[in-house]
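Chains, contacts and geometry: an overview
What follows is each chain in one-letter form.
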Amino acid sequence: MLNGTARCLDGKRLAGEWRARIKARIDGLAPGLRVPCLAVVQVGEDPASQVYVRNKRRACREVGIHSIGIELDASTKLADLTAHLQALNDDPGVDGILLQLPLPPGIDDVTRVGLILPEKDVDGFHPLNVGRLVLGHPGLPACTPAGIMALLQHHQIALAGKRAVVLGRSAIVGKPLASLLLNADATVTVAHSRTSSLESLTREAEILLVAVGRPGFVTPEMVRPGVVVVDVGIHRGADGSLVGDVSPEVADVASWITPVPGGVGPMTIAALLENTWQAFAARFGIS
């Protein structure tokens, strides 16, 4: 729930509707055809990663996607991880592969993104999928940006010609999100830790999308009245509550805002399920 005057970009509700549509497709598969299959690979025992993996596998069960969990020791070497992923690449019964982050030191992002076949890369990180997204071609998009775009489109937030500012330039959120916004004809600026006069830039935004990893970073003074705010961040506060990258008081200034939790997070998981379905459908020629 939001305490301010801004209207709620309700990701939890929309994600539920999206998941119901995916479930209906799976329930309607022809007799004898197997259901989609997602393999989730986790290296190490990072507590947050364990929670995320459980949530993703539970979401798979709820819509009828078969999920496989592969847990590897934190000491796993690149060669061993590569062998596991290659086996999944070669397995005709696996449609999507998700490699949970973070990974142990020594396995960098450049190496990681090439280990999974692009047609099974349901995270949308493979260079081929990134290139398709940048060019506006069909492919498997990064999940969080795809979920954000679906959330904005559902609530009929106009993007064409609007000034969109993305705070954060990560390869997982900021960069692919900027490409999707450009493809939707928004005028896009990406700001980051080296950006000067940040507040003057954020106050120009008609749509502000925040993924900086710092709780409460965006304050009311940093935004223009009526701005649409998408808060990607999620952090555990000192009192145990969950907070985002945007101060709750911004809801008194914005016209629309995502809640934390219940905004972007559920949409990310729904987009992952959608990518898994799309990877499966492409293999079997299902429109």
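What this report covers is the structure whose coordinates are included nearby. (Residues numbered from 1 in each chain as written. Predicted model: local features only at pLDDT ≥ 70, side-chain atom pairs only at ≥ 80, totals over all residues. Heavy atoms only, no water.)

We now examine the pattern of salt bridges. Taken as a whole, this structure holds 8 salt bridges when the rule is applied. The shortest N-O distance in the salt bridge between Arg-34 and Asp-95 comes to 2.8 Å. One end of the pair, Arg-34, is in the loop between α1 (11–27) and β2 (37–43); the other, Asp-95, is in the loop between α3 (78–90) and β4 (96–99), with 61 residues separating them in the sequence. A residue is classified by how much of its surface remains accessible, and Arg-34, at 26% relative accessible area, is partly exposed. The partner of Lys-162 in a salt bridge is Glu-206, with the nearest N and O atoms 3.8 Å apart. Taken together, the positions of Lys-162 in the loop between α6 (143–154) and β5 (163–167) and Glu-206 in the loop between α8 (198–202) and β7 (207–210) put the pair 44 residues apart, joining distant regions of the chain. Given a relative accessible area of 30%, Lys-162 falls into the partly exposed group. Using a relative accessible area of 27% as the deciding quantity, one classes Glu-206 as partly exposed. When salt bridges with common partners are traced through the structure, they connect Arg-34, Asp-95 and Arg-283 into a single cluster. (Salt bridge = Lys/Arg side-chain N within 4 Å of Asp/Glu carboxyl O. Helix = DSSP H or I, 4+ residues; strand = E, 2+ residues; numbered from the N terminus. Buried < 20%, exposed > 50% of the residue type's maximum accessible area, 1.4 Å probe, protein only.)

With that out of the way, let us pick up the pairing of strand β3 (residues 66–72). Bridge count between β2 and β3: 7 bridges; the pairing is parallel. When the bridges of β3 are listed, Val-40 appears paired with Gly-69. In this fold, the crossover linking β2 to β3 by way of helix α2 (residues 47–63) has right-handed handedness. (Pairing = 2+ DSSP bridges. Right-handed = clockwise from strand over helix to strand, strands pointing away.)

Turning to empty space enclosed by the protein, a few remarks are in order. In total, this model carries 1 cavity of 30 Å³ or more according to the counting rule given. One number sums up the size of the largest cavity: a volume of about 70 Å³. Looking at the largest cavity, the residues that line it are Ile-97, Leu-98, Leu-99, Arg-112, Val-113, Ile-116, Asp-121, Asp-123 and Phe-125. If one sorts the elements of the lining of the largest cavity by residue count, β4 sits on top with 3 residues. (1 Å grid on protein atoms, 1.4 Å probe; cavity = no way out; pocket = protein on both sides within 12 Å on 5 of 7 lines; lining within 4 Å. Points joined across faces, edges and corners; volume = space filled by probe spheres on them.)

Our focus in this paragraph is the packing of aromatic side chains. One pass over the structure, following the stated rule, counts 2 aromatic pairs. Ring geometry for Trp-277 versus Phe-280: centroids 5.5 Å apart, planes at 45 degrees, classification tilted. With Trp-277 and Phe-280 both in helix α9 (residues 264–284) and 3 residues apart, the pair spans about one turn of that helix. Residue classification places Trp-277 among the buried residues on the basis of a relative accessible area of 5%. Here the aromatic rings of Phe-280 and Phe-284 are separated by 4.9 Å at their centres, their planes lie at 45 degrees, and the arrangement is tilted. Pair noted here: Phe-280 and Phe-284 are both in helix α9, with a separation of 4 residues, about one helical turn. Through a chain of ring-to-ring contacts, three or more aromatic side chains come together here, namely Trp-277, Phe-280 and Phe-284. (Phe/Tyr/Trp six-rings, centres within 6.5 Å; stacked < 30°, edge-to-face > 60°.)

Treat this as a map of the structure, not an account of what it does.
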